[in-house]
Amino acid sequence: MQPTNTTQPAYFHKVVDCQWACPAHTPVPEYIRLIGQGRYSDAYMINWVSNVFPGILGRTCDRPCEPACRRGRVEENNGADGAPPSRPEPVAICRLKRVAADHKGDVKARMPALAPRNGKRVVCVGAGPASLTVARDLAPLGYEVTVFDGEAKAGGFMRSQIPHFRLPEEVIDEETGYVLDLGVQFKSGRRIESMKSLLAQGYDAVFVGCGAPRGRELDLPGRQEGAAHIHIGIDWLASVSFGHITSVGARVIVLGGGNTAMDCCRSARRLGGSDVKVIVRSGFEEMKASPWEKEDAAHEGIPIINFHVPKSFQHQDGKLLGMTFEKVRAVYDEQGQRKLLATGEAEVFFACDTVLLAVGQENAFPWIERDCGIAFERSGLPVLDKTTFQASLPQVFFGGDAAFGPKNIISAVAHGHEAAVSIDRLLQGESVAQRPASLTQLMSQKMGIHEWSYHNDVSVDTRYKVPWAKAELALASIRVEVELGFDAGTAFKEASRCLNCDVQTVFNRDTCIECDACVDICPMDCITFTTNGEEADLRTRLKAPARNTGQDLMVSAELRTGNIMVKDEDVCLHCGLCAERCPTGAWDMQKFLLNTAQAGPDSRDSQPSSRPVPSLPMLSTETA
């Protein structure tokens with residue numbers, strides 16, 4: 001293998017697994033350390049720069065960071081006192097984000113200052129997370145940003161489709177307010193009906209962030225006859241959110257296995273449904289809903305019935321009686337492709353009063369004329385550059401669910417950041433295709449021979465559970481928040497579980513004497529001195545075989561003995577023991593900080609000297 005080029009930003013970025021997995025690349029260990037120090041406002045602002053909605057995402061994020069968390073790979077849960085082994089659990093990254101939001105002080109003064117207007121006008125269609133991210137990035141730079149939305153308040157699907165028992169409305173008001181207070185013009189109750197008309201108003205750039213507003217239908221016998229009691233899930237959730245629906249039938253069937261289905265069944269339970277069940281055509285493990293969403297539904301006594309394919313709605317005299325289902329089983333071919341085959345058993349009937357259809361969402365752009373210059377794929381999605389989010393009409397950009405179909409809030413935020421960079425570069429006369437590099441730095445954490453400026457003791461605690469409101473209170477109202485969040489003491493203990501993966505082990509081959517002290521002390525057997533070879537062979541010859549090929553090996557140049565140093569990044573605890581033990585200082589612990597490029601002068605090829613630069617939120621120098 002060739003020596004690892006650790007000067008490439010992607011190398012150490014990939015070692016910070018949580019940040020690498022986050023679509024917005026939030027510096028997770030950095031803000032978790034600040035939470036552990038009680039510096040909640042600082043932790044909040046670090047989140048705000050990256051993901052814009054820390055309080056919202058701290059309650060609702062799909063948490064792509066957590067399955068990537070190294071803690072879940074290295075934690076030993078062998079059971080105690082005869083108890084069965086427990087599942088290794090990642091750090092509660094998402095819920096710690098909420099801690100920063102819940103415990104912060106007044107951060108209004110720390111929002112970016114506004115540059116003078118630059119004469120450029122940008123319009124955003126829809127006031128969801130993608131559009132608000134574009135507005136947040138561009139308004140401080142001097143752009144006149146206008147956001148149109150058909151509803152009275154900003155937030156998009158964060159407000160209309162996420163139940164208030166998961167996301168209180170005041171949290172949405174606060175965090176959308178931070179964006180709108182940056183001089184953004186919010187045109188509420190104004191639904192755009194024509195792209196041609198919008199383009200004719202002379203905006204310099206248009207961002208479409210209107211989401212995927214149409215739920216999929218289920219065309220089965222009896223659908224029209226029972227229509228009064230059969231509802232599209234996302235429309236029903238919106239009606240519940242805005243108070244148009246306040247009750248539901250006693251017996252409710254929810255069709256679908258995604259997060260929308262979980263929100264529907266839990267909402268129905270609170271609106272009077274005493275017999276609520278979710279029925280899915282797939283297996284439990286194949287459901288698209290996040291594992292914790294399924295667990296929350298089960299915690300509230302809602303059964304999930306798998307491998308049942310809906311066949312018909314049963315009705316009589318205009319009244320819905322129930323649904324029939326065919327039982328199926330999953331069969332996989334040699335390529336792993338699944339087919340659902342009927343078991344041959346008799347059809348199953350479930351009685352119900354209400355059916356909620358949560359079988360998927362589709363993009364709908366009836367307001368975009370097909371002759372306005374914007375090309376669409378056969379699927380109905382716009383033809384976009386997947387890096388710049390630019391449409392075939394150069395001044396038009398898409399993001400969020402409107403770009404590539406339904407996903408999640410944090411992906412929409414990531415789209416918004418990239419689209420804002422594109423819009424800024426376009427309107428400053430620069431190439432949209434050329435993407436600015438992220439800013440990175442490495443800084444030694446050495447404070448003495450055996451002291452570091454970060455807390456490097458590895459906590460042996462298992463993951464702490466977030467407390468819930470009492471069931472009789474939580475299920476009695478659609479607006480009682482279920483999860484109560486960590487208190488400060490529990491947040492400190494959970495934050496202490498973080499392995500500080502951004503504090504990197506940096507190796508200097510020139511000072512290594514190959515004494516093997518680091519090998520002897522490493523608790524995870526990460527380090528090996530051996531002869532070089534091909535990667536597949538080398539991975540098998542390490543002190544502990546490196547089986548996770550998705551994580552890189554750190555390989556040094558040849559040492560004086562002819563050997564090389566190989567370090568498996570996969571299970572390293574970043575404990576610093578190798579650096580503490582090394583007699584020559586060949587190992588050092590250096591904090592890696594990556595700031596992704598955002599719209600502004602730093603993301604352009606040249607910075608006009610006459611253009612004022614808005615100040616970015618700064619961290620406090622105070623410590624707790």
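This structure is a prediction, so every number in the text was calculated from the model and none was measured.

> Teacher, can you tell me more about the pattern of salt bridges here?
Pairing between side chains becomes possible if they bear opposite charge and their charged atoms approach one another. Inspection of the entire model under this criterion finds 48 salt bridges. Residues Arg73 and Asp570 are paired through a salt bridge, measuring 2.9 Å at the closest nitrogen-oxygen approach. Here Arg73, found in helix α7 (residues 71–74), pairs with Asp570, found in the loop between β21 (564–568) and α22 (577–581); they are 497 residues apart in sequence, far enough to count as distant. Overall, Asp570 belongs to the buried group, its relative accessible area being 9%. In this structure, Arg95 and Glu483 form a salt bridge, with 2.8 Å as the shortest nitrogen-oxygen distance. Here the residue Arg95 occupies a position in helix α8 (residues 93–103), and Glu483 occupies one in the loop between α18 (471–474) and α19 (488–495), the gap between them amounting to 388 residues. Glu483 sits in the buried class, given a relative accessible area of 15%. Through salt bridges that share partners, Lys153, Arg159, Glu169, Asp173 and Arg479 make up one connected network.

> Could you clarify how one ought to interpret the sheet that holds β21 in this entry?
Working definition: the strands of a sheet are paired by backbone hydrogen bonds and lie parallel or antiparallel to each other. Here we have 3 strands laid out as an open sheet, ordered β19-β21-β20, and antiparallel in their pairing. What marks the edges here is a single partner per strand, and that holds for β19 (527–530) and β20 (553–555). Each strand axis lies, on average, 20° off the axis of its neighbour in the sheet, ignoring direction. Inspection of the sheet shows β20 paired to β21 by 3 bridges, in the antiparallel sense. Residue pairing for β21: Val555 is matched across the bridge by Val566.

> How do you make sense of the sheet that holds strand β17 (residues 439–444) when you look at a structure like this?
Strand order in the open sheet formed by 3 strands is β17-β22-β18, with antiparallel pairing between adjacent strands. The open sheet has two free edges, formed respectively by β17 and β18 (503–507), since each of these has just one partner strand. Across this sheet, the average inter-strand angle for adjacent strands is 40°, counted without regard to direction. In the sheet, β17 pairs with strand β22 (residues 587–595) via 6 bridges, with the strands oriented antiparallel. Note on β22: the bridge partner recorded for Met443 is Lys591.

> Hey, could you run me through helix α14 (residues 259–270) in this one?
An α-helix turns once per 3.6 residues; consequently, residues spaced three or four apart project the same way. Helix length check: α14, at 12 residues, gives a terminal C-alpha distance of 17 Å against a target of 16 Å (1.5 Å per residue), a fit within 8%. With 10 of 12 residues buried, α14 is to be regarded as a mostly interior element. Where α14 is concerned, the buried positions are Asn259, Ala261, Met262, Asp263, Cys264, Cys265, Arg266, Ser267, Ala268 and Arg270. At the C-terminal side of α14, Gly272 shows a positive phi close to 115°.

> Help me understand the pairing of strand β2 (residues 144–148) in this model?
Here is the key point about a regular strand: its side chains alternate between the two faces of the sheet. Among the 5 residues that make up β2, 4 are buried, leaving the element largely enclosed by the rest of the structure. Looking at chain direction, strand β1 (residues 121–125) and β2 are connected through 5 bridges and run parallel. Paired with Arg121 across the two strands is Glu144, which belongs to β2. On the question of chirality, the crossover connecting β1 to the parallel β2 by way of helix α9 (residues 129–138) is right-handed. In this structure, β2 lies alongside strand β3 (residues 185–187), joined through 3 bridges in parallel fashion.

> Help me understand the nonpolar core, please; the structure alone is not making it clear to me.
Nonpolar side chains in soluble globular proteins tend to be buried together. Within the largest apolar cluster, 130 residues are counted, with the highest numbers of intra-cluster contacts made by Leu138, Met195, Ile374, Phe398 and Trp587. If sequence neighbours within four positions are ignored, Met195 has contacts with Val206, Val208, Trp367, Ile368, Glu369, Cys372, Ile374 and Val396. Grouped together as the second largest cluster of nonpolar side chains are 27 residues, Cys264, Cys265, Val280 and Ala474 included.

> Before we go on, may I ask you to explain the environment of Arg136 in this structure?
Within the secondary structure, Arg136 sits in helix α9. On the basis of relative accessible area, Arg136 is assigned to the buried category, the value being 4%. If we skip the residues at most four places from it in the chain, Arg136 touches Trp48, Val49, Val52, Val179, Leu182, His417 and Gln598. One polar contact links the side chain of Arg136 to the main-chain carbonyl oxygen of Trp48, over a distance of 2.6 Å.

> What's the story with the packing of helix α4 (residues 40–51) against helix α17 (residues 409–427) in this structure? I'm lost.
Relative placement of two packed helices is described by the angle separating their axes and the distance separating the axes. At a minimum axis distance of 9 Å, the contact between α4 and α17 shows a crossing angle of 70°. It follows from the interaxial angle that α4 and α17 lie roughly perpendicular. Within the contact between the two elements, α4 uses Val49, Ser50 and Asn51 and α17 uses Ile410, Val413 and His417. Split into classes, the residues belonging to the contact of α4 with α17 amount to 3 nonpolar, 3 polar and no charged.

> Sorry, what's going on with unusual backbone geometry here?
Working note: non-glycine residues mostly have negative phi, and peptide bonds are mostly trans. Despite not being glycine, Val52 has its phi angle at roughly 70°, a positive value. In this fold, Val52 is placed in the loop between α4 and α5 (54–60). Overall, Val52 belongs to the buried group, its relative accessible area being 0%. Residue Asn500 is not a glycine yet carries a positive backbone phi of 55°. On the basis of relative accessible area, Asn500 is assigned to the buried category, the value being 6%.

> Mind showing me how you'd approach the state of the cysteines here?
In a disulfide, the sulfur atoms of two cysteines are held together by a covalent bond. The tally for this structure, following the rule as stated, stands at 0 disulfides. In this model Cys69 remains outside any disulfide bridge; the closest cysteine sulfur is found in Cys18, 6.5 Å from its own. Cys512 carries a free sulfur, and the closest cysteine sulfur to it, the one in Cys518, is 6.5 Å from it.

> In this structure, what is going on with the pairing of strand β12 (residues 338–342)? I would like to understand it.
Both strand β11 (residues 319–332) and β12 contribute to a ladder of 5 bridges, which runs antiparallel. Across the sheet, Arg329 pairs through a bridge with Leu341, a residue of β12. The turn linking β11 back onto β12 is made up of 5 residues, and Gly336 within it adopts a positive phi angle of 85°.

Parameters at a glance
- Residues numbered from 1 in each chain as written.
- Predicted model: local features only at pLDDT ≥ 70, side-chain atom pairs only at ≥ 80, totals over all residues.
- Heavy atoms only, no water.
- Salt bridge = Lys/Arg side-chain N within 4 Å of Asp/Glu carboxyl O.
- Helix = DSSP H or I, 4+ residues; strand = E, 2+ residues; numbered from the N terminus.
- Buried < 20%, exposed > 50% of the residue type's maximum accessible area, 1.4 Å probe, protein only.
- Pairing = 2+ DSSP bridges.
- Axes fitted to C-alpha atoms, helices over the stretch in contact; angles between N-to-C directions.
- Expected span 1.5 Å × (residues − 1).
- Right-handed = clockwise from strand over helix to strand, strands pointing away.
- Core = buried A, V, L, I, M, F, W, Y, C linked by side-chain atoms within 4.5 Å.
- Contact = heavy atoms within 4.5 Å.
- Polar contact = N/O pair within 3.5 Å; in protein donor to acceptor, adjacent residues only side chain to side chain.
- Parallel < 35°, antiparallel > 145°, perpendicular 65-115°, else oblique.
- Nonpolar A, V, L, I, M, F, W, Y, C, P; charged D, E, K, R; others polar.
- Disulfide = S-S within 2.5 Å.

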